[in-house]
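# Structure assessment
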Amino acid sequence: MKMLAGRLHLAERSLRMESVDVPEPGPDEVLVKVAAAGVCLSDVHLIEGGLTPRLLDGDVVTLGHETAGAVDRLGPRVEGWQPGDRVLLQAGQRDRRGTVYTRGVDYDGGWAEYAVARADTLVAIPDDLPFEQACIIPDAVSTPWAAITATAQVRAGDAVAVWGAGGLGAHAVQLLRLIGAAPVIAVDPLAPARERALALGADIALDPSEAATIRDLTGGGLAVAFDFAGVPAVREQALTVLGRGGKLILAGIAGQPVTISSDSFFNYLKLSIHGHYGSDAEHVAELVRLAGQKRLDLAASVSDVLPLAEAPAAVERLQRKEGNPIRLILRP
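In what follows, the accompanying structure is described. Every residue gets a number counted from 1 within its own chain, in the order that chain's sequence is written. Local features in a predicted model are, by the rule used here, given only for residues with pLDDT of at least 70; side-chain atom pairs are given and counted only at 80 or more, and totals for whole chains, interfaces and linings are based on all residues. Side-chain calculation: all heavy atoms of the structure are included, whereas hydrogens and water are not.

### Some words on the packing of helix α1 (residues 41–48) against helix α10 (residues 311–320)
For any two helices packed against each other, the geometry is given by the interaxial angle and the distance between the axes. For helices, the axis comes from a line fit to the C-alpha atoms of the stretch in contact; other axes are also lines fit to C-alpha atoms, and the angle between any two N-to-C directions lies between 0 and 180 degrees. For helices the rule is a DSSP run of H or I covering at least 4 residues; for strands it is a run of E covering at least 2, with both sets numbered from the N terminus onward. α10 packs onto α1 with a crossing angle of 100° between their chain directions and a minimal axis gap of 10 Å. Considering the angle they form, α1 stands roughly perpendicular to α10. Of α10, the residues touching α1 (which contributes L41, V44, I47 and E48) are V315, L318 and Q319. What sets the label is the angle itself: under 35 degrees gives roughly parallel, over 145 gives roughly antiparallel, 65 to 115 gives roughly perpendicular, and the rest give oblique. Contacts were defined at the residue level, with two residues in contact if any of their heavy atoms lie within 4.5 Å.

Written out as structure tokens, the structure is:
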């Protein structure tokens, strides 16, 4: 049986919509009928060449690390799942040595009508959580959630700011509001992004040219600054408005040196810089529970839904930031 899939040919950095065989689930694997898959800026970077798979066996891969759907068929030895179960797929998996393989990067992902997943990477989702919202929880929502709760360890009442209110930063604003950070400040050069951040719960939204006011607005500076933009100038600016003991969390990737302009200022205030990447399985499970309890509403995160066949058009829209989307969703 054949299916449609969005395949990245790495030699030419070419995304092609191709007819391929429906994969067979192996031992301990499950075949999932994909209902929704997110289009992430990381997918764009893979196509453009800014990212390259490290662990891929071959030079062609089906893209898509944000995937949700229904169990279609079980491989040998799989227990605990039944055809029809509604699930999302973790964005990656570990091998026996602890090496992390990323779905849609190091092995085939969810830009397809069907996807194979190791059974232990499936997460059950509530019947009333739409697939279009569930699919973006791994990465788009879980990455900022892990940055907030694990790396930064934000506490209720902490003054925080988010630089870059795009796909990750917009969710960071929403999640910081959820856990009681105050004030929550969004910094973005785009007026529509600032307006969206306010709608999602930011107390204040600033253009970067206004960021110097943060120290006064917070009565001494930030407890935590989050860089979701991946821009060197953002890091330098954020460091200047941290309060005593403040933390800068690097969640965006710039591929550039991190510069501390004044070590005396940095040392006197006992500041720190923390790298952050991705999330762990428990963060996804926590977010599913929050969504199931109606504490987390991701309806506003779905900027548009397109047919799977229009994946190249979705990529172009994201490249151009057309409509300033949080997430575009592909539906097979």
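### Section: α1
Buried means the residue's accessible area, taken with a 1.4 Å probe over protein chains only, is under 20% of the maximum for its type, while exposed means over 50%, and partly exposed covers the values in between. Those residues of α1 that sit buried are D43, V44, L46 and I47. Buried residues of α1 fall within an arc of 160° about the axis and therefore sit on the same side. In this structure, the buried side of α1 is in contact with β1 (2–9), β2 (14–21), β3 (29–39) and α10. Following α1 by one or two positions, G49 adopts a phi angle in the positive range, close to 105°. What the arc covers is the set of directions going from the helix axis to the C-beta atoms.

### With respect to the packing of aromatic side chains
For any two aromatic rings, the description comes down to two numbers: the centre-to-centre distance and the angle of the planes. Side-chain rings of Phe, Tyr and Trp (the six-membered ring for Trp) are treated as a pair once their centres are within 6.5 Å; stacked means planes under 30 degrees apart, edge-to-face means over 60, and tilted covers the remaining angles. Scanning the entire structure with this criterion turns up 1 aromatic pair. Their ring planes at 20° and their centres at 5.9 Å tell us that F226 and F228 sit as a pair that is stacked. The residues F226 and F228 share a single accessibility class, namely buried. Between R86 and the ring centre of F131, over which it is positioned, the NZ or CZ distance is 4.1 Å. In this scheme, the term charge over a ring applies when either NZ of a lysine or CZ of an arginine sits within 6 Å of the ring centre and within 35 degrees of the ring normal.

### Quick notes on the sheet that holds strand β11 (residues 160–163)
For sheets, the rule is that strands pair by backbone hydrogen bonds, running either parallel or antiparallel. Read across the open sheet, the 6 strands follow the order β13-β12-β11-β14-β15-β16; overall the sheet is parallel. Unpaired on one side and paired on the other, β13 (204–206) and β16 (272–275) mark the two borders of the sheet. On average, each strand axis in the sheet is inclined to that of its neighbour by 20°, with strand direction left out of account. The pairing criterion for strands is at least two bridges between them, as found by DSSP. Pairing of β11 with strand β12 (residues 184–187), which is carried by 4 bridges, proceeds in the parallel orientation. When the sheet's bridge partners are listed, A161 is paired in β12 with I185. Helix α4 (residues 167–179) rests against β11, β12 and β14 (222–227) of the sheet, and its axis sits at about 165° to β11. The sheet strands contacting helix α7 (residues 232–240) are β11, β12, β14, β15 (242–250) and β16, and the helix crosses β15 at an angle near 160°.

### Description of the packing of helix α3 (residues 137–151) against helix α9 (residues 281–292)
Relative to each other, α3 and α9 sit at 105°, their axes nearing to 9 Å. Between α3 and α9, the crossing angle belongs to the class labelled roughly perpendicular. In this structure, α3 contributes I137, P138, V141, S142, W145, A146, T149 and A150 to the contact, and α9 contributes H283, V284, E286, L287, V288 and L290. Only Asp, Glu, Lys and Arg are considered charged, only Ala, Val, Leu, Ile, Met, Phe, Trp, Tyr, Cys and Pro nonpolar, and every remaining residue, Gly among them, polar. Across the contact of α3 with α9, the residue classes break down as 10 nonpolar, 3 polar and 1 charged.

### A word on the nonpolar core
Residues grouped as a nonpolar core are buried Ala, Val, Leu, Ile, Met, Phe, Trp, Tyr and Cys residues, joined through side-chain atoms within 4.5 Å. By size, the foremost hydrophobic cluster in this structure holds 47 residues, and its most contacted members are L88, V154, L176 and F226. By residue number, the principal contributor to this core is α3, which donates 6 residues. Apart from residues lying up to four places away in sequence, L88 is in contact with T67, A68, T121, L122, V123, I125, A134, I137, P138, V284 and V288. Listed in part, the 21 residues of the second largest apolar core include L63, V105, A311 and A314.

### Notes on the pattern of salt bridges
Think of a salt bridge as a Lys or Arg side-chain nitrogen and an Asp or Glu carboxyl oxygen that are within 4 Å of each other. Summed over all chains, the structure comprises 19 salt bridges. Here D203 and R177 are joined by a salt bridge, their closest N and O atoms 3.1 Å apart. Linking D203 in the loop between α5 (191–199) and β13 with R177 in helix α4, this pair joins segments that are 26 residues apart in sequence. Between E322 and R320 there is a salt bridge, and its shortest N-O distance comes to 2.4 Å. Where salt bridges share partners, they join D304, E316, R317, R320 and E322 into one cluster.

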